[in-house]
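So the chains spell out like this:
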Amino acid sequence: MNVFDTLQQSKKLPDVYRQMTRVELEERIRQHKERLGKKLLMLGHHYQRDEVFQFADQTGDSLQLAQMAAKEKEAQFIVFCGVHFMAETADLLTSEEQTVLLPDLRAGCSMADMADIHQTERAWERLQLMFGDTILPLTYVNSTAAIKAFCGRNGGATVTSSNAKKMLEWAFTQKERLLFLPDQHLGRNTAYELGIPLEAMAVWNPETERLETDQPLENIRVILWKGHCSVHEKFTVKHIEHLRKNEPDMSIIVHPECTHDVVIHADDAGSTHYIIKTIESADSGTKWAVGTEMNLVNRLANEHPDKEIVSLNPTMCPCLTMNRIDIEHLCWSLDQLAEGIFQHPIKVEDKDRGQALLALQRMLDRA
Ligand code: 13P
Ligand code: SF4
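Residues numbered from 1 in each chain as written. Chains lettered and ligands numbered in written order. Predicted model: local features only at pLDDT ≥ 70, side-chain atom pairs only at ≥ 80, totals over all residues. Heavy atoms only, no water.

Participant: Explain the overall build of the protein to me, please; I cannot follow it from the model alone.
Facilitator: When you go through the protein residue by residue, the secondary structure sums to 16 helices and 14 strands. A compact globule built from 367 residues should have a C-alpha radius of gyration of about 21 Å, and the protein, at 21 Å, falls within 12% of that. In terms of principal-axis extent, the alpha carbons of the protein reach across some 65 × 55 × 35 Å. Scored against the burial criterion, the 367 residues of the protein give a buried share of 57%. Considering only intrachain contacts with a sequence separation of at least 6, the fraction spanning at least 24 residues in the protein is 67%. A total accessible area of about 16,000 Å² is found for the protein, and carbon and sulfur atoms account for 49% of it. (Helix = DSSP H or I, 4+ residues; strand = E, 2+ residues; numbered from the N terminus. Rg over C-alpha atoms; globule rule 2.2 N^0.38 Å. Buried < 20%, exposed > 50% of the residue type's maximum accessible area, 1.4 Å probe, protein only. Contact = heavy atoms within 4.5 Å. Areas by Shrake-Rupley, 256 points an atom, 1.4 Å probe, with all protein chains shown as cover.)

Participant: Would you take a moment to explain a nonpolar patch on the surface for this structure?
Facilitator: On the surface, a nonpolar cluster with roughly 260 Å² of combined accessible area is contributed by Y192, L198 and I264. By secondary structure assignment, the location of I264 is in helix 12 (residues 260-265). Judged by its relative accessible area of 44%, I264 is partly exposed. (Patch = residues over 30% accessible without salt bridge, like charges linked within 9 Å, V, L, I, M, F, W, Y side chains within 5 Å. Salt bridge = Lys/Arg side-chain N within 4 Å of Asp/Glu carboxyl O.)

Participant: Can you walk me through a negative patch on the surface in this structure?
Facilitator: The grouping of E96, E97, E349 and D350 at the surface amounts to a negative patch. As for its position among the elements, D350 is in helix 16 (residues 350-364). (Lys, Arg positive; Asp, Glu negative; His and termini not counted. Charge placed at Lys NZ, Arg CZ, Asp CG, Glu CD.)

Participant: Even after reading the chapter, I still don't get the nonpolar core, so can you show me in this structure?
Facilitator: A general feature of soluble globular proteins is that nonpolar side chains tend to end up buried together. One finds L138, F180 and L330 to be the most contacted residues of the largest nonpolar core, which totals 106 residues. In this view, L330 contacts I29, M42, V52, F55, V79, C81 and P103; residues no more than four positions away in its chain are not counted. If you look at the next biggest cluster of nonpolar residues, it comprises 20 residues, including F131, L179, L181 and I220. (Core = buried A, V, L, I, M, F, W, Y, C linked by side-chain atoms within 4.5 Å.)

Participant: Which parts of the structure should I look at to understand the site of ligand 2?
Facilitator: What surrounds ligand 2 is the set Y47, C109, S110, M111, N142, C229, V231, H232, E257 and C319. Broken down by class, the residue content of the shell around ligand 2 amounts to six nonpolar, three polar and one charged. (Near = heavy atom within 4 Å. Nonpolar A, V, L, I, M, F, W, Y, C, P; charged D, E, K, R; others polar.)

Participant: Would you take a moment to explain the sheet that holds strand 14 (residues 308-311) for this structure?
Facilitator: By way of backbone hydrogen bonds, the strands of a sheet pair with one another, either parallel or antiparallel. Strands sit in the order 12-11-13-14 across an open sheet of four strands; the sheet is parallel. Edge positions in the open sheet fall to strand 12 (268-269) and strand 14, since each of these has one partner strand only. Across four bridges, strand 13 (residues 287-291) lies against strand 14 in parallel orientation. By the bridge assignment for strand 14, K287 is matched with E308. On the sheet, helix 11 (residues 237-246) packs against strand 11 (250-254) and strand 13 and is oriented at approximately 160° with respect to strand 11. Helix 13 (residues 272-280) contacts strand 11, strand 12, strand 13 and strand 14 of the sheet and is inclined by roughly 160° relative to strand 11. (Pairing = 2+ DSSP bridges. Axes fitted to C-alpha atoms, helices over the stretch in contact; angles between N-to-C directions.)

Participant: What's the story with the site of ligand 1 in this structure? I'm lost.
Facilitator: Around ligand 1, the structure places H45, Y47, D61, S62, Y140, N142, S161, H232, H255, E257, S271 and T272. Here an oxygen atom of ligand 1 and a side-chain polar atom of N142 are 3.1 Å apart. S161 places a polar side-chain atom, nitrogen or oxygen, 2.9 Å from an oxygen atom of ligand 1. When ligand 1 is considered free in solution it has 300 Å² of accessible area, and contact with the protein chains removes 95% of it. (Polar contact = N/O pair within 3.5 Å; in protein donor to acceptor, adjacent residues only side chain to side chain.)

Participant: Explain the packing of aromatic side chains to me, please; I cannot follow it from the model alone.
Facilitator: Describing an aromatic ring pair means giving the distance of the ring centres and the angle of the ring planes. All told, the structure shown has three aromatic pairs when counted by the stated rule. Seen in terms of ring centroids, W124 and F150 are 5.3 Å apart; in terms of plane orientation they differ by 90°. Their pairing is edge-to-face. Pair noted here: W124 is in helix 7 (residues 117-131) and F150 is in helix 8 (residues 145-153), with a separation of 26 residues, a long-range link. W124 gets classed as buried once you look at its relative accessible area, which sits at 11%. We classify F150 as buried; its relative accessible area is 0%. Taking the ring centre of F172 as reference, the NZ or CZ of R221 above it sits at 4.5 Å. (Phe/Tyr/Trp six-rings, centres within 6.5 Å; stacked < 30°, edge-to-face > 60°. Lys NZ or Arg CZ within 6 Å of the ring centre and 35° of its normal.)

Purely geometric numbers; function is a separate question.
Structure, rendered in structure tokens:
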């Protein structure tokens with residue numbers, strides 16, 4: 001769904017919800033949850049606001065949430081507290097009888113919007129002319145269902161930040177080269193971890209429709225789509241240098257959506273789940289600077305008062321689209337559900353369903 005469709009289909013929150021107190025909103029959500037019991041499953045990504053996260057029946061990173069959706073057979077309604085591509089993934093992995101709802105349709109992901117299917121098809125045609133049938137497409141789950149379907153029909157698969165390494169290893173058993181969409185940083189960081197030199201990676205620029213490299217084509221093994229996460233690009237090597245100088249005993253852990261420079265200068269990198277587990281198991285008294293979304297960093301700091309936990313970028317903002325899901329929208333979505341109205345249901349188009357599911361299944365079979 002493009003931005004125009006989203007704005008057209010997205011309904012505006014009635015004023016009454018802004019006038020309710022936090023206690024009233026919480027009480028009403030609790031009542032809906034009690035009444036619906038096992039018919040309702042609320043899934044929450046780690047980047048959600050605490051006011052919403054507290055109600056999630058299950059929480060996780062994007063891989064865990066996809067696995068949870070795939071396993072869920074009982075719930076009729078899945079209210080997804082996360083972003084659009086995650087809700088689409090849940091829709092693909094659940095049955096026809098189950099309905100996935102996103103409390104605010106404007107909760108998209110700017111990175112997912114950076115790879116449009118028409119640009120991708122054109123790029124594929126050009127790349128086939130350059131490299132022949134030697135490329136396997138892989139897409140980060142942070143992508144539209146149409147891009148997942150594109151990967152599915154071309155033999156490829158989806159990846160998440162917690163299984164990217166495993167999926168790239170698999171991809172190289174299938175073809176000589178890979179096209180990684182839409183996050184150039186996760187693609188570059190993972191390929192580098194597998195020992196592929198930076199010179200063997202080229203960037204496909206969807207605006208100019210050109211491959212950015214100064215290497216002979218036969219040297220290229222990884223083609224990175226020129227997309228990025230605007231939240232994670234805000235962590236820089238300067239932030240790391242500042243901390244190394246002023247807080248030499250602080251460990252730095254970042255998400256692999258950060259730029260390559262940041263990842264190689266940090267002490268460790270991994271998915272949101274990996275970051276949480278690493279900090280949870282660290283000794284009391286240790287100090288951590290974390291390069292990921294603010295809601296998660298703040299939650300980690302609150303949950304571990306025995307450790308010092310700060311954001312790697314002191315002026316960091318939360319992911320604005322994740323933050324669209326607030327307690328008011330959640331309450332509104334459940335109120336509507338109680339009236340039998342499906343507000344903002346997420347349904348992947350039939351033309352993409354089968355092939356997108358194939359790409360997801362290839363990942364889940366190996367995750
Ligand atoms: P995870 O796969 O680590 O949950 O990350 C998803 C995401 O959108 C990070 O920006
Ligand atoms: Fe998308 Fe970045 Fe927000 Fe993750 S943090 S949902 S990649 S915009």
